[in-house]
Amino acid sequence: SKGIFFRRRNKEGREIARFDIQNNSWISPLPANKIPSYMNCCAGIEYFPEGGGLFWAQGNAGSDIVKGRLMRFNESASAWETAADNLTMTAYPNWATYNPVHKVLVFGDNGGFYKVDRNRAVTALQPPPFEFYTGSYYAIFTVDPVSGDYIALDQPAHNLWKYNALNDQWTQIT
């Protein structure tokens with residue numbers, strides 16, 4: 001990691017602000033993401049060092065794109081580029097969670113569930129056995145820093161699940 005904190009400027013914004021933690025100062029923001037879609041509140045934005053930087057998962061939120069898209073910020077070109085296109089993703093909520101143990105980024109929503117690896121290959125995964133967003137509740141999805149399994153708490157039932165991104169398997173924890 002580079003000691004940079006990234007923050008989306010507002011919930012529908014296309015700009016990402018950057019804060020240099022070591023120098024305790026804001027630095028120039030990233031150029032605006034030109035993803036051709038309505039910018040909804042709930043894009044998945046996550047730093048994935050092995051994948052080459054900051055990723056932005058955005059679902060279909062309008063008639064201007066047919067499917068979802070995964071964008072990556074190319075630091076050397078100082079521009080956003082398409083990492084994957086035509087993904088089955090709904091408007092919201094989109095999310096992305098980095099896994100430092102297995103060096104993958106899992107992203108998606110109720111419409112689609114995907115993994116991107118260090119080579120930036122995107123793989124469609126088995127859908128979770130619950131909805132990430134029910135219209136009223138969001139599931140919690142995080143990584144166990146020891147095993148590398150993702151851990152999910154569905155809502156409103158409060159069932160606990162683990163997900164192994166290497167073998168694409170969900171298991172309920174009882």
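Here the structure is a predicted model, which is why all the values come from computation and not from measurement. (Residues numbered from 1 in each chain as written. Predicted model: local features only at pLDDT ≥ 70, side-chain atom pairs only at ≥ 80, totals over all residues. Heavy atoms only, no water.)

Chemist: How do you make sense of the environment of proline 29 when you look at a structure like this?
Modeler: Along the chain, the position of proline 29 falls in the loop between strand S3 (25–27) and strand S4 (44–48). Counting along the chain gives 20 residues from proline 29 to arginine 9, while the straight-line C-alpha distance between them is 9.3 Å. (Helix = DSSP H or I, 4+ residues; strand = E, 2+ residues; numbered from the N terminus.)

Chemist: How should the packing of aromatic side chains be read in this particular structure?
Modeler: The geometry of an aromatic ring pair is captured by two quantities: the separation of the ring centres and the angle between the planes. Applying the stated rule across the entire model yields 22 aromatic pairs. Ring plane angle 50° and centroid distance 5.7 Å describe the contact between phenylalanine 48 and phenylalanine 55, whose orientation is recorded as tilted. Taking the relative accessible area as the measure of exposure, phenylalanine 48 reaches 0% and is therefore buried. Take phenylalanine 55: its relative accessible area is 0%, and that puts it in the buried class. Ring geometry for phenylalanine 132 and phenylalanine 141: centres 5.4 Å apart, planes at 80°, overall edge-to-face. With respect to class, phenylalanine 132 is no different from phenylalanine 141; both count as buried. Among the aromatic residues, ring-to-ring pairing joins Trp95, Phe113, Phe130, Phe132, Phe141, Tyr150, Trp161, Tyr163 and Trp170 into one connected group. (Phe/Tyr/Trp six-rings, centres within 6.5 Å; stacked < 30°, edge-to-face > 60°. Buried < 20%, exposed > 50% of the residue type's maximum accessible area, 1.4 Å probe, protein only.)

Chemist: Whenever I open this one, the environment of threonine 174 confuses me. Can you help?
Modeler: Tracing the backbone through its elements, the reader meets threonine 174 in the segment after strand S15 (169–173). As for threonine 174 and asparagine 159, which are separated by 15 residues in sequence, their C-alpha atoms are 8.3 Å apart.

Chemist: Help me understand the pairing of strand S8 (residues 95–99) in this model?
Modeler: Burial of S8 is extensive: five of the five residues sit out of reach of the surface. Covered by surrounding structure in S8 are Trp95, Thr97 and Asn99 together with Ala96 and Tyr98, the residues of both alternating faces. Note that S8 and strand S9 (residues 104–108) share five bridges and pair antiparallel. Along S9, the bridge assignment pairs tryptophan 95 with glycine 108. In textbook terms, the turn of a hairpin is the stretch between consecutive antiparallel strands, and for S8 and S9 this stretch comprises four residues, one of which, lysine 103, has a positive phi near 55°. (Pairing = 2+ DSSP bridges.)

Note that all results are geometric; they support no functional claim without further evidence.
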